[in-house]
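These are the residues of each chain, in order.
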Amino acid sequence: LDENFNEISRIETKGLNHTENHDFIITSEGSYILMSYNSTYRDFSKYGLSSNELTRDSVIQEISASGELIFEWNSWDYMNILDCLNHRFPDDYAHINSISLDFDQNIIASFRGCSTILKINRSNGEVMWSLGGSNPSIKILGDEFSEFCGQHTATMHKGGLLTIFDNGGHCN
């Protein structure tokens, strides 16, 4: 937007059917990291549902300043679907709701539908660590509930402090 809030340009995900407005990042390199809920049909028959269920995968894309796709990450390829049964399953099973960059410029992403936060390698898409879910690489200690539920706004701060807003709903 310009100084009068007139639209100058618009950035959207590439090849997906929805650009999400929960959160986005403008990087120091001038690229954009965007979130999406991309609708697709998936076979959920082994979970007692249809072999043709409409779902919304949570997708992260990085788009260059010139509009080229640099990076794409899809929840279907990395999330344990059995951690994602409590929030709009199977439609919006993972429900990404925040992204931020860690000090090393990798992505911290919050998935409300799985009560999970992941650190995602921005170069290759691999999960670097997980917090929450059934098999976290980082465990919560000293909390009487031992988990957070349906969280929002996972943000990494200097010194390695991770803050989240725990909605307290949709527990695993």
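Before reading further, recall that the structure is shown in the block above.
Treat the numbers as computed from the prediction; the structure is a model and nothing was measured. (Residues numbered from 1 in each chain as written. Predicted model: local features only at pLDDT ≥ 70, side-chain atom pairs only at ≥ 80, totals over all residues. Heavy atoms only, no water.)

**Let's talk about the pairing of strand 8 (residues 127–132)**
Two strands pair when backbone bridges link them, and strand 7 (residues 116–120) and strand 8 are joined in this way by five bridges, in the antiparallel orientation. Within strand 8, the residue paired with Lys-119 across the bridge is Trp-129. Between strand 7 and strand 8, which pair antiparallel in sequence order, lie six residues; one of them, Gly-125, sits at a positive phi of approximately 80°. (Pairing = 2+ DSSP bridges. Helix = DSSP H or I, 4+ residues; strand = E, 2+ residues; numbered from the N terminus.)

**Overview of the state of the cysteines**
Tallying each qualifying case throughout the model produces one disulfide. Paired through a disulfide, Cys-84 and Cys-114 show a sulfur-sulfur distance of 1.9 Å. Disulfide Cys-84 to Cys-114: torsion about the S-S bond roughly 95°, handedness right-handed. Residue Cys-84 is found in the loop between helix 1 (75–78) and strand 5 (96–101), and its partner Cys-114 is found in the loop between strand 6 (107–111) and strand 7; the two are separated by 30 residues along the sequence. Each member of the pair, Cys-84 together with Cys-114, is buried. (Disulfide = S-S within 2.5 Å. Buried < 20%, exposed > 50% of the residue type's maximum accessible area, 1.4 Å probe, protein only.)

**Structural notes on the pairing of strand 5**
Most of strand 5 is tucked away: six of the six residues are buried. Here five bridges tie strand 5 to strand 6, and the two strands are oriented antiparallel to one another. Bridging across to strand 6, Ser-100 finds its partner in Ile-108. If you look at the hairpin formed by strand 5 and strand 6, you'll find five residues sitting between the two strands, and Gln-105 has a positive phi there, around 75°.

**Thoughts on the sheet that holds strand 4 (residues 69–74)**
The four strands are arranged 1-2-3-4 in an open sheet whose pairing can be described as antiparallel. Edge positions in the open sheet fall to strand 1 (24–26) and strand 4, since each of these has one partner strand only. Strand-to-strand twist across the sheet, computed as the mean angle between neighbouring axes with direction ignored, equals 30°. (Axes fitted to C-alpha atoms, helices over the stretch in contact; angles between N-to-C directions.)

**Quick look at the nonpolar core**
Within the largest apolar cluster, 22 residues are counted, with the highest numbers of intra-cluster contacts made by Ile-60, Ile-99, Ile-107, Phe-111 and Ile-120. Among the secondary structure elements, those contributing two or more residues to this core are strand 2 (32–42), strand 4, strand 5, strand 6 and strand 7. Beyond its immediate chain neighbours, meaning those up to four positions away, Ile-107 contacts Ile-33, Ile-60, Phe-71, Ile-99, Ser-100, Leu-101, Leu-118, Lys-119, Ile-120 and Arg-122. Core analysis: the next-biggest nonpolar cluster, separate from the first, contains seven residues, Ile-108, Ile-117, Trp-129 and Phe-148 among them. (Core = buried A, V, L, I, M, F, W, Y, C linked by side-chain atoms within 4.5 Å. Contact = heavy atoms within 4.5 Å.)

**So, the packing of aromatic side chains**
This structure, assessed with the given rule, holds seven aromatic pairs. Seen in terms of ring centroids, Trp-76 and Tyr-93 are 5.8 Å apart; in terms of plane orientation they differ by 75°. Their pairing is edge-to-face. Highlighted residues: Trp-76 in helix 1 and Tyr-93 in the loop between helix 1 and strand 5, separated in sequence by 17 residues. Its relative accessible area of 28% is what places Trp-76 among the partly exposed residues. You can call Tyr-93 buried: its relative accessible area is 1%. (Phe/Tyr/Trp six-rings, centres within 6.5 Å; stacked < 30°, edge-to-face > 60°.)

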